[in-house]
Amino acid sequence: MTELPYRYDVTHTAAQVASDHAGIEPGTETEVVVTLAGRLMLRRDQGKLAFGSLQDSSGRIQLFATAKSTPDFDGFTHLSIGDWIAVTGIVMMTRRGELSVRVDSWTVLAPSQRPFPDKWHGISDPDTRYRQRYVDLWVSEESRTAFMQRSQVVASMRRLLHEQDFVEVETPMLHPIPGGALARPFVTHHNALGQDLYLRIAPELYLKRLVVGGMEKVFEIGRVFRNEGMSSRHNPEFTMLELYWAYADHSDMMRLTEELVAGIAVDVLGSTTVTYDGRPVDLSTPWRRATMEELIAEHAGVEVSLDTPLDELRAICERFGVEVKDQYGPGKLILELYEKTTESELWGPVFVTDYPVEVSPLSREHRQRPGYTERFEAIVAGRELCNGFSELTDPAVQRQRFVAQEADRAAGDDEAMVVDEDYLRALEYGLPGTAGLGVGVDRLVMLLTGTSTIRDVVLFPTLKPEQPN
RNA sequence: GCCCCCGUAGCCAAGUUGGUCACGGCAGCGGACUUUUAAUCCGAAGAUCGUGGGUUCGAAUCCCACCGGGGGCACCA
């Protein structure tokens, strides 16, 4: 057994060889010598002749080995499926017209000491796919494609935002006070400080501090953590894009949002039309705008508003099976009604606007509709894709909202916010009219890749620890 | 957290009205084969049927608990 190399000079990828030699005649040999590396994924031995399939990150190419021209031919035919090898040889076309690299020399880069999954069926057990992604990526084309597209989505997002002069920043993930969203945080502990810290549930409050600091167009793409249940649409850690844009309002932000999403779709898929659950979604701009109440009227057939008498509103909600709690005000009831009857029915894309103040503690009140905010969510394929609003800039009002949240917290709502005095101090230095946006990157990737579970777009989704049994 | 379903060798997978405790394929091992394409052919081998209890003369097949997974509900993005 030779020593495994520390490095290796590879000259080509499988895809490069294919594109460089398109259309050559069957049964011909070129004089082009290439060196490739990858895993041996298939092998077809035929006595003094053997074929293999070498796979690298660009694709697969056939290896052609003969007893006459391949050194240690016997060793070559005893390679295991899954072994990493490097191969050097001429590019040729077999008689059957399969572009191949003749194995004029070969080296093992790393043996696979565990057997690879069935070459045809791959891994069918989802658990194994998620736990052993390092195997899944080799045997599942869809898996590779989804993660390549995910990378492209994020790259496109950055490019489009940079083109519009947004500045990318990184803000703390360890927060002394969890804030910026309604969610339960993970708690951790800093030994030297002797104090608990929270994994962030949103970067929002830090990013708005940066707008106060003069970063007029700022964004962050990063992980947030929410201590909640897992499902096909929820992973405890997920990736958000948040961006803030000074001197702009919710209308500006809706335009930016639809252009951003449509632009990413074109970048990654070459089209603004995607298929989800077998149905087409047209992401071309502009997207429809409709108030929450208009959409409830369309889908539930009832007219509600903050002016609807509370008793009546409660009765309507109960009629539609909404769980009505005593502390729910009209805004919360309308939101619950919307989520129960309407949201999943919206194919979209559609901007749902005018969320009640009661359920939007960081949003600025609507300039024409008291009690409502200039907040919107984009719904696509029945799912929330993003959330944005004209930011609440008045420190006094923000304090009142925080205090109201603390009351909810005291009443047992452990997702309610707590007062963030430093954030209020920042607002007191002045925050101009600013629009903000949060996009669930995982869900955007799901939409664009047509995957139905978040676990197919997160490389290592959160799982229960593997039990030995 | 609740409800439903699933768990057979490294992988895929028969067998589930309880009675040749386990069919077969891939991978691996041995052999044949110089143009294959999930190569093919021959041979040998590989399974405490998730774990632990229970019912029974007898269980992979029935019951209970636990572990793991999937789907749905709840919560959220």
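So, here's what we can say about the structure. (Residues numbered from 1 in each chain as written. Chains lettered and ligands numbered in written order. Predicted model: local features only at pLDDT ≥ 70, side-chain atom pairs only at ≥ 80, totals over all residues. Heavy atoms only, no water.)

1. Details of the overall build of chain A
How we decide: Labels follow the DSSP assignment, with helices taken as runs of H or I lasting at least four residues and strands as runs of E lasting at least two, numbered in each case from the N terminus. The rule is simple: take the accessible area with a 1.4 Å probe, protein chains only, and divide by the maximum for that residue type; under 20% is buried, over 50% is exposed, in between is partly exposed. Whether two residues touch is decided by their heavy atoms; if any such pair falls within 4.5 Å, the residues are in contact.
Within chain A, the regular secondary structure consists of 13 helices and 19 strands. Viewed in the frame of its principal axes, chain A has a C-alpha envelope of about 90 × 55 × 50 Å. Within the span of chain A, comprising 469 residues, buried residues form 50% of the whole. Restricting the contact set of chain A to residue pairs at least 6 apart, pairs at least 24 apart contribute 64%.

2. Some thoughts on helix α11 (residues 395-410)
Put simply, the rule reads: Expected span of a helix: the number of residues minus one, times 1.5 Å. Of all possible arcs, the one meant is that of the directions from the helix axis to the C-beta atoms. We call two N or O atoms a polar contact when they sit within 3.5 Å, provided that within protein one can donate a hydrogen and the other can accept it, with sequence-adjacent residues counted only if both atoms are side-chain atoms.
The end-to-end C-alpha separation of α11 is 22 Å, in line with the 22 Å expected for 16 residues at 1.5 Å each. Every buried residue of α11 is accounted for by Q398, R401, F402 and Q405. Here the buried residues of α11 occupy an arc of 100° about the axis, which is enough to place them on one side. Of the exposed residues in α11, those oriented more than 90 degrees away from the buried face are Q400 and A410. Each element contacted by the buried residues of α11 is listed here: α12 (421-428). One side-chain oxygen of the residue at the start of α11 lies 2.8 Å from the amide nitrogen of A396, identifying that residue as D394. Of the residues one or two after α11, G412 is the one with positive phi, at around 110°.

3. Regarding the sheet that holds strand β12 (residues 237-246)
To keep things clear, this is the line we draw: The criterion for strand pairing is that DSSP finds at least two bridges linking the strands in question. Here an angle of 0 to 180 degrees is reported between the N-to-C directions of two axes, which are lines fitted to C-alpha atoms, with helices fitted over the stretch in contact.
Across the sheet, which stays open at both edges, the 8 strands sit in the order β7-β11-β12-β19-β18-β17-β16-β15 with mixed pairing between neighbours. Each edge of the open sheet carries a strand with a single partner, namely β7 (167-168) and β15 (288-291). Two strands pair when backbone bridges link them, and strand β16 (residues 350-353) and strand β17 (residues 375-380) are joined in this way by 4 bridges, in the antiparallel orientation. By the bridge assignment, V352 is partnered in β17 with E377. Across the sheet, helix α6 (residues 204-212) lies against β11 (217-225), β12, β18 (383-390) and β19 (434-440), angled at about 25° from β12, the strand it touches most. Against the sheet, helix α13 (residues 441-449) touches β12, β17, β18 and β19, its axis set at about 60° to β19.

4. What about the pairing of β18?
The pairing of β17 with β18 spans 6 bridges and is antiparallel. Among the inter-strand pairings, I379 is bridged to a residue of β18, identified as E384. Here β17 folds back onto β18 in antiparallel fashion, the turn holding 2 residues, of which A381 has a positive phi close to 55°.

5. What to know about the packing of aromatic side chains
As a reminder of what qualifies: The aromatic pairing rule takes the rings of Phe, Tyr and Trp, using the six-membered ring of Trp, and pairs them if the centres are within 6.5 Å, calling planes under 30 degrees apart stacked, those over 60 edge-to-face and the rest tilted.
Applying the stated criterion to the full structure yields 8 aromatic pairs. When the centroid spacing of 6.5 Å and the interplanar angle of 75° are considered together, the rings of Y338 and Y355 count as edge-to-face. Of this pair, Y338 sits in helix α10 (residues 330-341) while Y355 sits in the loop between β16 and β17; the two residues are 17 residues apart in sequence, bridging distant segments of the chain. Residue Y338 shares its accessibility class with Y355, and that shared class is buried. With a centroid separation of 5.3 Å and 85° between ring planes, the pair formed by F351 and F376 is classed as edge-to-face. Highlighted residues: F351 in strand β16 and F376 in strand β17, separated in sequence by 25 residues. Taking the relative accessible area as the measure of exposure, F351 reaches 0% and is therefore buried.

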